[in-house]
Amino acid sequence: MAHLLRTPLYDWHIAQGARMVEFGGWEMPVQYSSVIQEHEAVRRHVGMTDVSHMGRLVFEGPDAAAFLDSVLTRNIEILKSGQIRYSLLTDFEGRVLDDLLVGLLHRVDGNTPYYYVVINASNRDKDIAFFRRCLAQSPNLDVKLIDDSAERGMIALQGPRSLELLQPLVSADLASLKYYGAVET
């Protein structure tokens, strides 16, 4: 069996007694206790999912929105800071390669905009190669692509107590976030 990749939280998952399984080339937790206990925890309190295996790309530069508009099905140039949108990545013939999330954020300094794109783990290498190929074919565009996947982990929280748990850890007012919203912290 090929070596499976591990997220930055792998050791924590093991220490918590997670049952690990192969998922898209990654060793991922599938369960910690019982399905019923975990369901109840999320419905009544909070649940955490390690989604660090997903690809995270940064697109920056004055032509980043125009470039993303050329390969995604959503109008990226109309995004407001903090908005995230679901979109599709298409090839040169318009065939869907992957679905993804794209958001417009600003660095903590507030002056530097960038687009943060989250792609599926199973298509990460293919998607990144396609983005790079498209950029190579557009040498006049001023766009920088940064693969941020290995630099940060990513956790998804859900449940009624998610904000209560997360708010003390960030300076942004999370209660003011709208659906599909984000802030740079």
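Predicted model, so just to flag it, every value in this text is computed and none were measured. (Residues numbered from 1 in each chain as written. Predicted model: local features only at pLDDT ≥ 70, side-chain atom pairs only at ≥ 80, totals over all residues. Heavy atoms only, no water.)

Observations concerning the overall build of the protein
Next up, step 1: Scanning the protein for helices and strands turns up five helices and nine strands.
Next up, step 2: Secondary structure elements of the protein occur, N-terminal to C-terminal, as α-β-β-α-β-β-α-β-β-β-α-β-β-α.
Next up, step 3: Taken over the C-alpha atoms alone, the protein extends approximately 55 × 45 × 25 Å along its principal axes.
Next up, step 4: The proportion of buried residues among the 185 residues of the protein is 36%.
Next up, step 5: Put simply, of all contacts in the protein between residues at least 6 apart along the chain, 56% involve residues at least 24 apart. (Helix = DSSP H or I, 4+ residues; strand = E, 2+ residues; numbered from the N terminus. Buried < 20%, exposed > 50% of the residue type's maximum accessible area, 1.4 Å probe, protein only. Contact = heavy atoms within 4.5 Å.)

Comments concerning the environment of alanine 172
Next up, step 1: Structurally, the position occupied by alanine 172 is in the segment after α5 (162-166).
Next up, step 2: Between the alpha carbons of alanine 172 and alanine 182 there is a distance of 9.8 Å; along the sequence they are 10 residues apart.
Next up, step 3: Setting aside its immediate chain neighbours within four residues, alanine 172 contacts Gln167 and Val183.

A short note on helix α4 (residues 124-136)
Next up, step 1: With 13 residues, α4 should reach 18 Å at 1.5 Å per residue; the first-to-last C-alpha distance of 18 Å fits that figure.
Next up, step 2: Within the sequence span of α4, burial applies to Arg124, Asp127, Ile128, Phe130, Phe131, Cys134 and Leu135. Taken end-on, α4 shows its buried residues confined to a sector of 160°, consistent with a single buried face. Exposed residues on α4 whose side chains face more than 90 degrees from its buried face are Asp125, Lys126 and Ala136. (Expected span 1.5 Å × (residues − 1). Arc of directions from axis to C-beta.)

Section: the nonpolar core
Next up, step 1: Core analysis: the biggest nonpolar cluster contains 24 residues, and Phe59, Phe67, Leu68, Tyr115 and Phe131 have the highest contact counts within it.
Next up, step 2: Setting aside chain neighbours within four positions, we find phenylalanine 67 in contact with Phe59, Phe131, Cys134, Leu135, Leu141 and Val143.
Next up, step 3: Counting 10 residues, the second largest nonpolar core, distinct from the first, contains Val51, Met54, Val118 and Met154. (Core = buried A, V, L, I, M, F, W, Y, C linked by side-chain atoms within 4.5 Å.)

Focus on the pattern of salt bridges
Next up, step 1: Applying the stated criterion across every chain, the model contains six salt bridges.
Next up, step 2: Its salt-bridge partner being arginine 44, residue glutamate 40 comes within 3.1 Å of it at the nearest N-O pair. Here arginine 44 and glutamate 40 lie together in helix α2 (residues 35-44), a separation of four residues that amounts to about one turn.
Next up, step 3: On the basis of relative accessibility, which here comes to 56%, the residue arginine 44 falls in the exposed class.
Next up, step 4: For arginine 95, the salt bridge identified is with glutamate 93, shortest N-O distance 2.8 Å. (Salt bridge = Lys/Arg side-chain N within 4 Å of Asp/Glu carboxyl O.)

Quick look at the sheet that holds strand β5 (residues 84-90)
Next up, step 1: Judged by pairing direction, the sheet is antiparallel, and its five strands sit side by side in the order β5-β6-β7-β4-β8 without closing on themselves. Both outer strands of the open sheet, β5 and β8 (144-147), are each paired with one neighbouring strand and no more. The average undirected angle you get between the axes of adjacent strands in this sheet is 30°.
Next up, step 2: Pairing geometry for strand β4 (residues 55-60) and strand β7 (residues 113-119), over five bridges, is antiparallel. Each residue of the ladder has a partner; that of arginine 56, found in β7, is valine 118. (Pairing = 2+ DSSP bridges. Axes fitted to C-alpha atoms, helices over the stretch in contact; angles between N-to-C directions.)

Considerations on the packing of helix α3 (residues 64-71) against α4
Next up, step 1: Running from amino to carboxyl end, α3 crosses α4 at an angle of 115°, the nearest separation of the two axes being 11 Å. Taken as a pair, α3 and α4 cross one another with a handedness that is right-handed. Between α3 and α4, the residues in contact are Phe67, Leu68 and Val71 and Phe130, Phe131, Cys134 and Leu135, respectively.
Next up, step 2: Class assignment of the residues belonging to the contact of α3 with α4 gives a composition of seven nonpolar, no polar and no charged. (Left-handed = near helix turned anticlockwise from the far one by under 90°. Nonpolar A, V, L, I, M, F, W, Y, C, P; charged D, E, K, R; others polar.)

A word on unusual backbone geometry
Next up, step 1: Although it is not a glycine, tyrosine 180 sits at a positive phi angle of roughly 60°.
Next up, step 2: Note that tyrosine 180 resides in the segment after α5.
Next up, step 3: Residue classification places tyrosine 180 among the partly exposed positions, given a relative accessible area of 30%.

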